[in-house]
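# Analysis of the macromolecular model
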Amino acid sequence: LERVPAITLTTDFGTSDGYAAALKGVLTRLAPGVPLIDIAHDIAPFDKVGALLALRNALKSFPSGCVHLVVVDPGVGSARNGLIVVVAGHTLVGPDNGIVTGVFPLAGMQTYIIEEAGFADASPTFQGRDIFAPIVAKLAAGATPESLGSLLEEPQRLRLPLASRTGNLIKGEIIHVDRFGNLVSNIPRNIVADAARIAVSVNFAPVRSGRTFSDVAPGESVAYWGSAGLLEIGVREGNAGKKLGGRGMPVEVVPFFS
Amino acid sequence: LERVPAITLTTDFGTSDGYAAALKGVLTRLAPGVPLIDIAHDIAPFDKVGALLALRNALKSFPSGCVHLVVVDPGVGSARNGLIVVVAGHTLVGPDNGIVTGVFPLAGMQTYIIEEAGFADASPTFQGRDIFAPIVAKLAAGATPESLGSLLEEPQRLRLPLASRTGNLIKGEIIHVDRFGNLVSNIPRNIVADAARIAVSVNFAPVRSGRTFSDVAPGESVAYWGSAGLLEIGVREGNAGKKLGGRGMPVEVVPFFS
Amino acid sequence: LERVPAITLTTDFGTSDGYAAALKGVLTRLAPGVPLIDIAHDIAPFDKVGALLALRNALKSFPSGCVHLVVVDPGVGSARNGLIVVVAGHTLVGPDNGIVTGVFPLAGMQTYIIEEAGFADASPTFQGRDIFAPIVAKLAAGATPESLGSLLEEPQRLRLPLASRTGNLIKGEIIHVDRFGNLVSNIPRNIVADAARIAVSVNFAPVRSGRTFSDVAPGESVAYWGSAGLLEIGVREGNAGKKLGGRGMPVEVVPFFS
C-alpha cells in the first residue's frame, strides 16, 4: 500500500464555527498519520468559480497520490450526488456541482458516484462531515473508488465564461479578483501563443502589457500572464480591483505577430 | 505510552500578529511529532459563546486521546485559574472561564487547577504561550493531570441562555450567527423529540420548518435541526442574519404531535 | 542528518486564492514528512512591518533547526535577490527586502544570495512557489546554504522607527495595531530597565501604566510591557485602536527611578 502524501481540505465554511475543524476531526480519527493540509476555508460562501480557481492554483503543485476534500456546495441538502474524481494521479471528493471535475484537464478522468449505505442517515445539512470526510479517509486508507461508488459518465461541469476570438480580436472578461486586487481574466496564454506582443483593454480602456509589475511605475496598471496561465491585470503596489472594477468587466486583447 | 492522535488549537488571537503561531512553536518544541490541528483562531475577540459553539461543533468528531488547547480569555492577566479538564476521553486546557468545561457533557468530567512553579514568572499578557501550551505539551507527552494540578470541585461554567417551555410553547433565542448567516438558536432537538412537526417563529414572524434548505425556494427562510442538534434558521442560498437579524432575537416553537 | 522539526510559512497571500496552498503543495512534494506550520497568510498586503512583528512574536518559540519560508514582497517581479538567512539555529528564506534579516538579533547571522539555475525561468509573478519553496525544501532535506547561494555582506534591513531619548524623556511611536486593537510601540523595555515606574502618554494624553489589563477597570486604557518586550497600550476588554488611534501616533515615556 502506497502512502498518501497528504489530504487537503477546501471549503467555504470559514473556521470560526468549527465546521471545517469537524472535517479535520473525522480525518484525524479515520485517517491517522496522514498530514492534513488546509487549502482554503474562506472561499466566499457558495462561490464555485472562486473555489475552482483556487484549486487550479494550488493542486497542481501537490504530488500525485494526494486526496482532496472539496466542499463548496450551494446545493447542500438537495438531492445532488457526491463524487469521487480520479485524474492526473490525484483523487478529489465532493458534491457533483462541477468543481471537482474542473480542476485538472479532462484527459483520463474517471468519475464515480458515491454509493454509501449511510448516505441517507447523514445529517442533511452537514454531508461534508458525515459523508465526504469518511469517504476521503477510506480512499486515503487504500479503498478503491470502485468499492465506494459506480462509474458516472456525465458529471456536472462548471462552465467558466469562455474567451472568444473573432479575426484578430480576442474578447474575454474578468472572472475573479484575488486578495491583492489583481484581476484574473478568462483569457489563456495559449490563445496568443506566438504573439510578439499584445494590446490589452479592460472595460474598453487601454492597459499597458508587461512581463510583471516592475515593468510599470508604482500605482500604474499592467496586464501580464499570471502564474495560472491566464491574463491578469494588476496595479504595481496597488489594488486593481479598487481602481478598475471587478468580475464581469470586458477584457479585449489584440495580438501582434510582427 | 499511547500516542496522542493530535493537539488542537482554538484561540481568538487571529493569525496576523504571530501570537497563535507562538503557541505552535512551543508545541513543536515540546511535543515533537504530534500533529497540530487548527480549530479556529478567528473566534471574535473575547467571544466565549462563539468559542463554545465552535468547539461543540468540532471536538466531538476528533478521536479520544486528543489534547485541546483553548485560549479565549477576556480575563487575561487577572487572577483566574488555569484548568485541565478530562472528559469523554479528551483533555482540554485553558483558563477557568467556562469554555473548557462546557464542550462535552458533564458525566465523568474531572477538572484540575494548574499548579505550575513557573506560573507567576510568565508574561502576564501571554499565558497561552507561557503556561497553557507547555502544559498541553506535557500532557501530550504522557504527564498525568494529577501531576500538573489538583482537583477542583467547582469550575466556572458558561451558562448559555436556556430555552423554556410553558405548556405547549417553547421559548428560546438566537445565540449565534454562523459564517453563512445561519441563525443558531438555543432550542435543542430533544425538547420536541416526538413531535410530528413544529411551528416556528423568529422575532414573532412565522418561518417555515423543513428538513433542510432544499425544502424551500432560493431566497426563502427555513427552520431546521442543525448538525449540532439545535434549531437553526437559514435562507436557501442566502444569508438569514442579514435578512432577519442576529443574536438575541426571540424564537418560539410549538410542537404538534398529531 | 538531523531531522527538521518543522517548516513554517508566512505570506501576505491570503488563503482564498490558492497561492499559499501552492507553496504547501511544493513542500509536500519536495519535503515529504516535514510538518508544515502556518504562521500567517493574512499579513496585510505588502506590510513589511506587520510581517516582521508577527515573525518576531512567533519564531523565537520554535525550536532550532526549523526552516521558515517568508514571502511578503512588495517588490515581486523586480530584480531584487532572494536570501537564505542562518541565525540563532534557524534558517529563513525569502526576498531580500529586510524582513528575513530583521527577525532575530544580528549576532552570528549569515546571509546568502540564492543562486539558482532555474531562477530566470520561474514565473515572474510567483517566485514564492517557483523559487523560494523549492529552496526551503532543499534546505529541509539537508542541503547547505553554501551549496545554494553565495555569502552576502550587506543584505537589506528593515529599519523600524527608533525610539529616541533626550535626558529623561523617551520618544517613540505606535508601529502596529494588533487583532485586539492593542497598540504596539517601538519603545523596548530595556530602555527603562531600572525604572521603578514610568509615566506614559499617547498622542500627548496620559495613559495609566500597569502590569497587565486587570490593573485597570474594563474600558480603561493601560500601558504595559507586551510579550515581545515592547511598550503596548491596550483597553481592558476593549479596543485601543478604535479608542485612541493607530500607527504613527507619538508615545512618550518618562521613567522614575526613586
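In this text, all values refer to a predicted model and were calculated from it rather than measured experimentally.

Quick look at the relation of the copies chain C and chain B now. If you rotate chain C by 120° and push it 0.0 Å along the axis, it lands on chain B with an RMSD of 0.0 Å. Both copies are brought into coincidence by an operation consistent with a three-fold rotation axis. For chain C, the residue whose C-alpha comes nearest the rotation axis is Pro35 of chain C, separated from it by 4.6 Å. Here only 6% of the interface residues in chain C have copies in chain B that are interface residues too; the copies meet through unlike faces.

This part is about the sheet that holds strand E5 (residues 90-95) of chain A. Residues and elements named next belong to chain A. If you trace the seven strands from one edge of the open sheet to the other, you get E2-E1-E3-E5-E4-E6-E7, paired in mixed fashion. In this open sheet, the two strands that pair with only one neighbour each are strand E2 (36-40) and strand E7 (149-151). Sheet twist, expressed as the mean angle between neighbouring strand axes with direction ignored, is 25°. By the bridge criterion, five bridges tie strand E1 (residues 7-11) to strand E3 (residues 67-71) in an arrangement that is parallel. Within E3, the residue paired with Leu9 across the bridge is Leu69. Packing against the sheet, helix H1 (residues 19-30) makes contact with E1, E2 and E3, and its axis sits at approximately 160° to E1.

Once that is clear, we can look at the packing of aromatic side chains. In the structure shown here, the tally under the stated rule is 16 aromatic pairs over all chains. Pairing Phe13 of chain B with Phe126 of chain B gives two aromatic rings, centres 5.8 Å apart and planes at 75°, and the pair type is edge-to-face. Highlighted residues: Phe13 of chain B in the loop between strand E1 (7-11) and helix H1 (19-30) and Phe126 of chain B in the loop between strand E6 (110-114) and helix H3 (127-140), separated in sequence by 113 residues. For Phe13 of chain B, a relative accessible area of 9% translates into the label buried. Pairing Phe13 of chain C with Tyr19 of chain C gives two aromatic rings, centres 6.5 Å apart and planes at 90°, and the pair type is edge-to-face. Looking at Tyr19 of chain C, the relative accessible area reads 10%, which means it is buried. One aromatic cluster is present, built from ring pairs that chain together Phe13, Tyr19, Phe46 and Phe126 of chain A together with Phe180 of chain B. Over the face of the ring belonging to Phe256 of chain A we find Arg197 of chain A, whose NZ or CZ atom lies 4.3 Å from the ring centre.

Across the contact, 32 residues belong to chain A and 33 residues belong to chain C. Approximately 2500 Å² of surface area, both sides summed, lies buried where chain A meets chain C, with 56% of it carried by carbon and sulfur atoms. Here chain A is connected to chain C by zero salt bridges. Between the two partners, chain A and chain C, sit 13 residue pairs in polar contact (both at pLDDT 80 or more). The element contributing the most residues to the side of chain A that touches chain C is helix H2 (residues 48-59) of chain A, with five residues. Of the residues assigned to the side of chain A that touches chain C, the class counts are 16 nonpolar, nine polar and seven charged.

Moving on: the relation of the copies chain A and chain C. Each of the two chain copies can be generated from the other by rotation about an axis followed by a shift along it. Aligned on chain C, chain A shows an RMSD of 0.0 Å; the corresponding rotation is 120° and the shift along the axis is 0.0 Å. In this assembly the copies use different faces: only 6% of the residues contributing to the interface of chain A also contribute to that of chain C.

Another point: helix H2 (residues 48-59) of chain C. All names here are of chain C. Between its terminal C-alpha atoms H2 stretches 16 Å, which fits the 16 Å expected from twelve residues at 1.5 Å a residue. Along H2, ten of the twelve residues are buried, which leaves the element largely enclosed by surrounding structure. When H2 is considered as a whole, its buried residues turn out to be Val49, Gly50, Ala51, Leu52, Leu53, Ala54, Leu55, Asn57, Ala58 and Leu59. Residue Asp47 occupies the N-cap position of H2, its side-chain oxygen lying 3.3 Å from the main-chain nitrogen of Val49.

Bringing the sheet that holds strand E6 (residues 110-114) of chain C into the picture now. Sheet strands pair by backbone hydrogen bonding; their relative direction is either parallel or antiparallel. All names here are of chain C. With mixed pairing, seven strands are arranged side by side in an open sheet as E2-E1-E3-E5-E4-E6-E7. For this open sheet the edge positions go to strand E2 (36-40) and strand E7 (149-151), each flanked by a neighbour on one side alone. Going from strand to strand, the sheet's axes swing by 25° on average, the running direction of each strand aside. Bridge analysis of strand E3 (residues 67-71) against strand E5 (residues 90-95) gives three bridges, and the strand direction is parallel. Paired with Val67 across the bridge in E5 is Thr91. Set on the sheet, helix H3 (residues 127-140) makes contact with strand E1 (7-11), E3, strand E4 (82-87), E5 and E6; between it and E3 the angle comes to about 170°.

This paragraph deals with the interface of chain C and chain B. A common way to state how big an interface is: give the accessible area lost once the parts meet. Counting residues at the interface gives 32 residues for chain C and 33 residues for chain B. When the two sides are added together, the surface that chain C and chain B hide from each other amounts to roughly 2500 Å², 56% of it contributed by carbon and sulfur. In terms of surface lost to chain B, no three residues of chain C exceed Ser61, Arg179 and Phe180 of chain C, which account for 28% of the buried area on that side. Our count for the contact surface shared by chain C and chain B stands at zero salt bridges. Joining chain C to chain B, the criterion identifies 13 residue pairs in polar contact (both at pLDDT 80 or more). Of all the secondary structure elements, the ones that give two or more residues to the side of chain C that touches chain B are E2, H2, strand E9 (169-177) and strand E13 (221-225) of chain C. For the side of chain C that touches chain B, the element with the most residues is H2 of chain C, which contributes five residues.

Cut-offs applied
- Residues numbered from 1 in each chain as written.
- Chains lettered and ligands numbered in written order.
- Predicted model: local features only at pLDDT ≥ 70, side-chain atom pairs only at ≥ 80, totals over all residues.
- Heavy atoms only, no water.
- Least-squares fit on C-alpha atoms with pLDDT ≥ 70 in both.
- Contact = heavy atoms within 4.5 Å.
- Pairing = 2+ DSSP bridges.
- Helix = DSSP H or I, 4+ residues; strand = E, 2+ residues; numbered from the N terminus.
- Axes fitted to C-alpha atoms, helices over the stretch in contact; angles between N-to-C directions.
- Phe/Tyr/Trp six-rings, centres within 6.5 Å; stacked < 30°, edge-to-face > 60°.
- Buried < 20%, exposed > 50% of the residue type's maximum accessible area, 1.4 Å probe, protein only.
- Lys NZ or Arg CZ within 6 Å of the ring centre and 35° of its normal.
- Buried area = accessible area lost by both parts, 1.4 Å probe.
- Salt bridge = Lys/Arg side-chain N within 4 Å of Asp/Glu carboxyl O.
- Polar contact = N/O pair within 3.5 Å; in protein donor to acceptor, adjacent residues only side chain to side chain.
- Nonpolar A, V, L, I, M, F, W, Y, C, P; charged D, E, K, R; others polar.
- Expected span 1.5 Å × (residues − 1).

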